[in-house]
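Spelled out from the first residue to the last, the chains are:
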Amino acid sequence: MRRAVGALLRKDLTAELRTFESIPAMTLFAVTTFVLFHFGLDRSSLEGDLAAGVLWVTLLFAAVLGQNRLFVAEEEQGGFDGFLLAPVDRTALFVAKALALFAFLVVVEIVAVPAFGLLLLGPDLLDPLPGLVLVLLLADAGIAIVGTLVAGLAIRTRARDLIAPLLTLPLLVPVVLAASEATAPLLAQAGAEGPPGRWLAILAIYDLTIGLVAYGVFDFLLED
Amino acid sequence: MQAPAILVRDLHKSYPSIEAVRGIDFEVARGEVFGLLGPNGAGKTTTVEILEGYRERTAGIVSVLGHDPGQRPRTLRERVGIVLQGGGVYRHVTVRELLDHWAHLYPAPRDVDEVIELAGLGGKQHERTRSLSGGQRRRLDFALALVGDPELIFLDEPTTGFDPAARRAAWQTVRTLAELGKTVLLTTHYLDEAQALCDRVAIMKDGRILTIGAPAELGVGALYRVVWRDAETGEVQSRETEDPTGLLHQLTSAALARGEPLRDITVARPSLEDVYLDLTEEPSAAASQEVRDG
């Protein structure tokens, strides 16, 4: 399975490097949204709960953009047919796609988080960075798993661009909630505190649970 | 004796409105190139899709390389190649990258360089797949079916839409597969293709197999057709006979006696095309009317 996941992931990353269909759009969306918040909130800087909320809602919507493109090549270029004929575990496709979306999110955040710090954040971003990276990675894992599962479900429907966000956003409420709660103390004006362990644990448990559910049902999703 | 690559017994497939396959039986030996012929709606593609495991049968026994394809077992998927028309060809990767990608999904793939050569894509391996011509794309489809080094290959209408040069190239690839000892099951509308490639063919119509055998043998037992041009009227005459020697003697003697040449004379057994048309041709409206009136 590792061999198949590696091949599928390599193919997706190669295609993205050559087409730039997802990452630039996601990044541009995130940065543009920060600019809009900057003017829309009429505040030169944010901190604490509000800063965390703005950051996570923006990243979530940026992720939905990438999620919509995740299976397009498989659907439009017959990749599903070829994959279903191949003697590999169906969940290899799920794992590869989730890893691809996770990688896209990490790349987007490398640009978007500093942009957030520059455009909106009051407190310094460097101090809370290690804690923030931990929260980002845990939340990205949840977003990638749910995003991949829903994208696989929606790709064969006519209204996939509508269905994917409608299903993804409610499923990711726990991630946004836990990530915001874990991020808020990091972005406090009074000085960065460590991320609360309880919310990190909730994120980790959510990732594990939804990961197992997705791993279990993806096979049937693909067959049908 | 080796078990057949494909065994089909009393296969039925029904849809709510139609019975697409109505109890067919055939076997395909290992290393054989077998053709399913028939007009649109004959049930060829349904049959092939059942054998590929894409479609569930309603009744009957089907064995592909000793497995029930309806279960889609992984061991069977390792040993079967299917030419998907354009399926799995990602546009932003090169020919080599694409083949390398699919090769990684098989446990014992054929060497990618060898596959590229077999498919005649040697000069195109570093080109992006989206820049290939139609004929090259079809060769790439063949290459994708070969990359897992399958024992059995399904070709469903493999040259539909090809220009003549691409068709010949595809035929050569099928011949190469046969030389490699692969079993090939192909469906086609083109009788010249079946005649050129297949060891045996089955002609299907309305979900049934009408006849089965080697293309050259399907006309055996039928009458010889002698055709010539009448010297006086210039019209083409034809007659069917069991004894062409006697008829030719009679015709040439009469022509010599009249001092006239016997032009455009041919003696032929019914070709695969004749047999096919004879078996599958719909009765004309006039004939139907006659039957009704009669």
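Residues numbered from 1 in each chain as written. Chains lettered and ligands numbered in written order. Predicted model: local features only at pLDDT ≥ 70, side-chain atom pairs only at ≥ 80, totals over all residues. Heavy atoms only, no water.

> I'm lost on the overall build of chain A in this one. Help?
The helix and strand inventory of chain A stands at 10 helices and 0 strands. When the helices and strands of chain A are listed from N to C terminus, the series reads α-α-α-α-α-α-α-α-α-α. The C-alpha atoms of chain A give 18 Å as radius of gyration, which agrees with the globular expectation for 224 residues (17 Å, within 12%). Oriented by its inertia axes, the alpha-carbon framework of chain A measures out at about 60 × 35 × 30 Å. Within chain A, the proportion of its 224 residues that are buried is 52%. By sequence separation, contacts in chain A at least 24 residues apart represent 82% of the contacts at least 6 residues apart. Summed over its atoms, the accessible surface of chain A is roughly 9,800 Å², and 68% of this surface lies on carbon and sulfur atoms. Distance from the positive charge centre (13 side chains) to the negative charge centre (22 side chains) of chain A: 10 Å. (Helix = DSSP H or I, 4+ residues; strand = E, 2+ residues; numbered from the N terminus. Rg over C-alpha atoms; globule rule 2.2 N^0.38 Å. Buried < 20%, exposed > 50% of the residue type's maximum accessible area, 1.4 Å probe, protein only. Contact = heavy atoms within 4.5 Å. Areas by Shrake-Rupley, 256 points an atom, 1.4 Å probe, with all protein chains shown as cover. Lys, Arg positive; Asp, Glu negative; His and termini not counted. Charge placed at Lys NZ, Arg CZ, Asp CG, Glu CD.)

> Honestly, the domain arrangement of chain B in this entry has me stumped. Any pointers?
How big an interface is tends to be stated in terms of the accessible area lost upon association of its parts. Residues and elements named next belong to chain B. When the domains of chain B are assigned, the result is domain 1 (6-213) and domain 2 (224-293). The interface of domain 1 with domain 2 comprises 12 residues on the first partner and 8 residues on the second. Between domain 1 and domain 2, roughly 840 Å² of surface is buried when both sides are summed, and carbon and sulfur atoms account for 76% of that area. Ranking the residues of domain 1 by area buried against domain 2 places Leu191, Ile203 and Lys205 at the top, with a combined share of 55%. Our count for the contact surface shared by domain 1 and domain 2 stands at 0 salt bridges. Connecting domain 1 to domain 2 are 0 residue pairs in polar contact (both at pLDDT 80 or more). Contributions of two or more residues to the side of domain 1 that touches domain 2 are made by α7 (191-197), β8 (200-205) and β9 (208-213). Of the residues forming the side of domain 1 that touches domain 2, the biggest block, 4 residues, is contributed by β8. Class assignment for the residues of the side of domain 1 that touches domain 2 results in 8 nonpolar, 3 polar and 1 charged. (Domains from an automatic or database assignment. Buried area = accessible area lost by both parts, 1.4 Å probe. Salt bridge = Lys/Arg side-chain N within 4 Å of Asp/Glu carboxyl O. Polar contact = N/O pair within 3.5 Å; in protein donor to acceptor, adjacent residues only side chain to side chain. Nonpolar A, V, L, I, M, F, W, Y, C, P; charged D, E, K, R; others polar.)

> Can you walk me through the environment of Thr209 of chain A in this structure?
All names here are of chain A. Within the secondary structure, Thr209 sits in helix α10 (residues 197-223). Among the residues examined, Thr209 registers a relative accessible area of 44% and is labelled partly exposed. Separated by 67 residues in sequence, Thr209 and Gly142 place their C-alpha atoms 9.6 Å apart. Within the structure, Thr209 has its side chain in polar contact with the backbone oxygen of Ile205 (distance 2.7 Å).

> I'm lost on unusual backbone geometry in this one. Help?
A negative phi angle characterises most non-glycine residues, just as the trans form characterises most peptide bonds. Of note, the phi angle at Phe20 of chain A is positive, near 50 degrees, even though the residue is not glycine. Inspection of the secondary structure assignment puts Phe20 of chain A in the loop between α1 (2-19) and α2 (23-40). Phi is positive for Leu65 of chain B, which is not a glycine, with a value near 50 degrees. Considering the arrangement of structural elements, one finds Leu65 of chain B in the loop between β4 (59-64) and α2 (74-77).

> It is not clear to me how a negative patch on the surface should be interpreted in this structure. Could you clarify?
On the surface, Glu273, Asp274, Asp278 and Glu281 of chain B cluster together to form a negatively charged patch. Structurally, the position occupied by Glu281 of chain B is in the loop between α9 (272-280) and α10 (285-293). (Patch = residues over 30% accessible without salt bridge, like charges linked within 9 Å, V, L, I, M, F, W, Y side chains within 5 Å.)

> Mind showing me how you'd approach the nonpolar core here?
Side chains of a nonpolar character, in soluble globular proteins, are inclined to be buried together. Of all hydrophobic cores here, the largest spans 115 residues; its most connected members are Trp56 and Phe116 of chain A together with Leu99, Leu105 and Leu140 of chain B. Among the elements that line this core, the one with the most residues is helix α7 (residues 129-154) of chain A, at 12 residues. The residues that make up this core include at least three from each of domain 1 (6-213) and domain 2 (224-293) of chain B. In contact with Leu105 of chain B, not counting residues within four places along its chain, are Ala4, Ala7, Phe83, Ala86, Pro87 and Val88 of chain A. Core analysis: the next-biggest nonpolar cluster, separate from the first, contains 28 residues, Ala20, Phe26, Leu36 and Ile50 of chain B among them. (Core = buried A, V, L, I, M, F, W, Y, C linked by side-chain atoms within 4.5 Å.)

> Is there a simple way to explain the sheet that holds strand β7 (residues 183-188) of chain B in this structure?
Pairing between the strands of a sheet is mediated by backbone hydrogen bonds and can be parallel or antiparallel. All names here are of chain B. Taken together, the 6 strands give an open sheet; going across it, the order is β5-β6-β7-β3-β8-β9, and neighbouring strands pair in mixed fashion. Two strands bound the open sheet, and with one partner strand each, they are β5 (80-82) and β9. When the angles between neighbouring strand axes are averaged without regard to direction, this sheet yields 15 degrees. The pairing of β8 with β9 spans 5 bridges and is classified as antiparallel. Each residue of the ladder has a partner; that of Lys205, found in β9, is Arg208. Where helix α1 (residues 44-52) meets the sheet, it contacts β3 (33-37), β5, β6 (152-156), β7 and β8, and its direction lies at approximately 150 degrees from that of β7. (Pairing = 2+ DSSP bridges. Axes fitted to C-alpha atoms, helices over the stretch in contact; angles between N-to-C directions.)

> Even after reading the chapter, I still don't get the packing of aromatic side chains, so can you show me in this structure?
Think of a pair of aromatic rings as described by two things: how far the centres are apart, and how the planes are tilted against each other in angle. Inspection of every chain in the model, using the stated rule, returns 6 aromatic pairs over all chains. Ring centres of Tyr90 of chain B and Trp102 of chain B lie 6.1 Å apart, and the angle between their planes is 10 degrees; this geometry places the pair in the stacked category. With Tyr90 of chain B in the loop between β5 and α3 (95-103) and Trp102 of chain B in helix α3, this pair connects stretches of sequence that are 12 residues apart. Owing to a relative accessible area of 4%, Tyr90 of chain B belongs among the buried residues under this scheme. By relative accessible area, Trp102 of chain B is classed as buried at 5%. Taking the ring centre of Tyr90 of chain B as reference, the NZ or CZ of Lys11 of chain A above it sits at 4.0 Å. (Phe/Tyr/Trp six-rings, centres within 6.5 Å; stacked < 30°, edge-to-face > 60°. Lys NZ or Arg CZ within 6 Å of the ring centre and 35° of its normal.)

> What exactly am I supposed to notice about the sheet that holds strand β10 (residues 224-229) of chain B here?
Residue and element names in this part refer to chain B. The strand order across the open sheet formed by 3 strands is β11-β10-β12, and the pairing between neighbours is antiparallel. In this open sheet, the two edge strands, each paired with only one partner strand, are β11 (236-241) and β12 (263-268). Taken over all neighbouring pairs, the strand axes of this sheet differ in orientation by 10 degrees on average, direction set aside.

> Please explain the pattern of salt bridges as it appears in this structure.
Going through the model one piece at a time under the given rule, you end up with 23 salt bridges over all chains. Between Glu97 of chain B and Arg18 of chain A there is a salt bridge; the shortest N-O distance is 2.7 Å. Taken as a pair, Glu97 of chain B in helix α3 and Arg18 of chain A in helix α1 lie in two separate chains rather than in one. Taking relative accessible area as the criterion, Glu97 of chain B reaches 30% and is therefore assigned partly exposed.

> So what exactly am I meant to see when it comes to the layout of surface pockets here?
All names here are of chain A. Its boundaries defined by the atoms lining it, the largest pocket holds a volume of some 310 Å³. In terms of lining, the largest pocket is formed by 20 residues, of which the most central are Ala15, Thr19, Glu21, Arg69 and Ala73. Looking at the lining of the largest pocket, the elements with two or more residues in it are α1, α4 (72-76) and α6 (91-119). Considering every element that reaches the lining of the largest pocket, the biggest residue donor is α1, with 5 residues. Here the residues of the lining of the largest pocket are counted per class, giving 7 nonpolar, 4 polar and 9 charged. (1 Å grid on protein atoms, 1.4 Å probe; cavity = no way out; pocket = protein on both sides within 12 Å on 5 of 7 lines; lining within 4 Å. Points joined across faces, edges and corners; volume = space filled by probe spheres on them.)

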